Amino acid sequence: DAGVIQSPRHEVTEMGQEVTLRCKPISGHNSLFWYRQTMMRGLELLIYFNNNVPIDDSGMPEDRFSAKMPNASFSTLKIQPSEPRDSAVYFCASSPEKGNQPQHFGDGTRLSIL
Amino acid sequence: SQQGEEDPQALSIQEGENATMNCSYKTSINNLQWYRQNSGRGLVHLILIRSNEREKHSGRLRVTLDTSKKSSSLLITASRAADTASYFCLEYGNKLVFGAGTILRVKS
């Protein structure tokens, strides 16, 4: 079975540019999560969706960040405009149900903003 | 930071020894989960323990949960070099909060 697929794996761009990260969850999973991992702040939940609906976006840093899930098989996390402090590894995860089941993680997108 | 607490931050042991990692959380939980992360990869789920459970086993892994102390421990027995990774707990209550992680190095 295919796992959670994230693209791109690496992204290097200059500050001010728009960045779009993509995620394809495991088929049949109802919940999708976006996390950010940095050395300073560790793993932080940014937003999660249940049945394509955003449930909790309290972790989204600021208005420059937005996430969408137009259908059950695709989600995007967009940063516009990007800043150097956004540099991190961004993970997408999915699970059959919000918190009562294990989450399956993609291999992440390593984002560097110059 | 919304990180939970884990200790130790780093642990270095010889192959064959046991490794114990601890996790403290702050809120009431529905369950607590443990994950492993190899360098440059995503997290892999290891074990989930529900709030009404006190101990759970999976292969060489043993997890305990003490809700009165708001803490959990992960024990890896008979460690192998392949167990070298970072280990994180995830508390699932009103919020999903990851611990800061323990870096485990198993020397062969």
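Residues numbered from 1 in each chain as written. Chains lettered and ligands numbered in written order. Predicted model: local features only at pLDDT ≥ 70, side-chain atom pairs only at ≥ 80, totals over all residues. Heavy atoms only, no water.

Looking at the state of the cysteines
A complete count under the given rule lists 2 disulfides over all chains for this structure. Disulfide pairing places Cys23 of chain A opposite Cys92 of chain A at an S-S distance of 1.9 Å. Its torsion about the S-S bond being -65°, the disulfide of Cys23 of chain A and Cys92 of chain A is classed as left-handed. With Cys23 of chain A in strand E3 (residues 19–24) and Cys92 of chain A in strand E9 (residues 88–95), the pair connects residues that are 69 residues apart, well separated along the chain. Bridging Cys23 of chain B to Cys89 of chain B, the disulfide has an S-S length of 2.0 Å. (Disulfide = S-S within 2.5 Å. Helix = DSSP H or I, 4+ residues; strand = E, 2+ residues; numbered from the N terminus.)

Things to note about the sheet that holds strand E8 (residues 74–79) of chain A
Residues and elements named next belong to chain A. Read across the open sheet, the 4 strands follow the order E1-E3-E8-E7; overall the sheet is antiparallel. The sheet terminates laterally at strand E1 (5–7) and strand E7 (65–71), the two strands that pair on one side only. Between one strand axis and the next, the sheet turns through 15° on average, direction left out of account. Here 5 bridges tie E3 to E8, and the two strands are oriented antiparallel to one another. Paired with Val19 across the two strands is Ile79, which belongs to E8. (Pairing = 2+ DSSP bridges. Axes fitted to C-alpha atoms, helices over the stretch in contact; angles between N-to-C directions.)

Quick word on the packing of aromatic side chains
In this structure the tally under the stated criterion is 9 aromatic pairs over all chains. On the basis of an interplanar angle of 75° and a centroid distance of 5.4 Å, the ring pair of Tyr35 of chain A and Phe98 of chain B is categorised as edge-to-face. Here Tyr35 of chain A is found in strand E4 (residues 31–38), whereas its partner Phe98 of chain B is found in strand E10 (residues 96–98) on a different chain. In terms of burial, Tyr35 of chain A and Phe98 of chain B fall into one category: buried. Look at Phe91 of chain A and Phe105 of chain A: their rings are 6.2 Å apart centre to centre, the planes differ by 75°, and that puts the pair in the edge-to-face class. With Phe91 of chain A in strand E9 and Phe105 of chain A in strand E10 (residues 104–105), this residue pair connects regions lying 14 residues apart in the sequence. Per residue, the accessibility class of Phe91 of chain A equals that of Phe105 of chain A, and both read buried. (Phe/Tyr/Trp six-rings, centres within 6.5 Å; stacked < 30°, edge-to-face > 60°. Buried < 20%, exposed > 50% of the residue type's maximum accessible area, 1.4 Å probe, protein only.)

Things to note about the pattern of salt bridges
Residues and elements named next belong to chain A. Applying the stated rule across the entire model yields 13 salt bridges over all chains. As a salt-bridge pair, Glu44 and Arg41 come within 2.7 Å of each other at their nearest N and O atoms. Relative accessible area serves as the criterion here: at 5%, Glu44 is assigned to the buried category. Because the salt bridges share partners, they merge into one network encompassing Glu62, Arg64, Glu83, Arg85 and Asp86. (Salt bridge = Lys/Arg side-chain N within 4 Å of Asp/Glu carboxyl O.)

Focus on the pairing of strand E11 (residues 109–113) of chain A
Residues and elements named next belong to chain A. Only one face of E11 is covered, namely the one carrying Thr109, Leu111 and Ile113; the face carrying Arg110 and Ser112 has none of its residues buried. Here 4 bridges tie strand E2 (residues 10–13) to E11, and the two strands are oriented parallel to one another. The residue bridging Val12 from the neighbouring strand is Ser112, located in E11. The pairing of E9 with E11 spans 3 bridges and is antiparallel. Paired with Val89 across the two strands is Arg110, which belongs to E11.

As for the interface of chain B and chain A
With 22 residues of chain B at the interface, the matching set in chain A holds 22 residues. Both sides together, the interface formed by chain B and chain A hides about 1,800 Å², and carbon and sulfur atoms give 48% of it. For the interface between chain B and chain A, the tally reads 2 salt bridges. Between Arg41 of chain B and Asp107 of chain A there is a salt bridge, with its nearest N and O atoms 3.1 Å apart. For the pair chain B and chain A, the interface holds 6 residue pairs in polar contact (both at pLDDT 80 or more). Of all the elements in the fold, those that place two or more residues in the side of chain B that touches chain A are strand E4 (31–37), strand E5 (43–50), strand E9 (85–92) and E10 of chain B. Its residues assigned to classes, the side of chain B that touches chain A shows 8 nonpolar, 11 polar and 3 charged. (Contact = heavy atoms within 4.5 Å. Buried area = accessible area lost by both parts, 1.4 Å probe. Polar contact = N/O pair within 3.5 Å; in protein donor to acceptor, adjacent residues only side chain to side chain. Nonpolar A, V, L, I, M, F, W, Y, C, P; charged D, E, K, R; others polar.)

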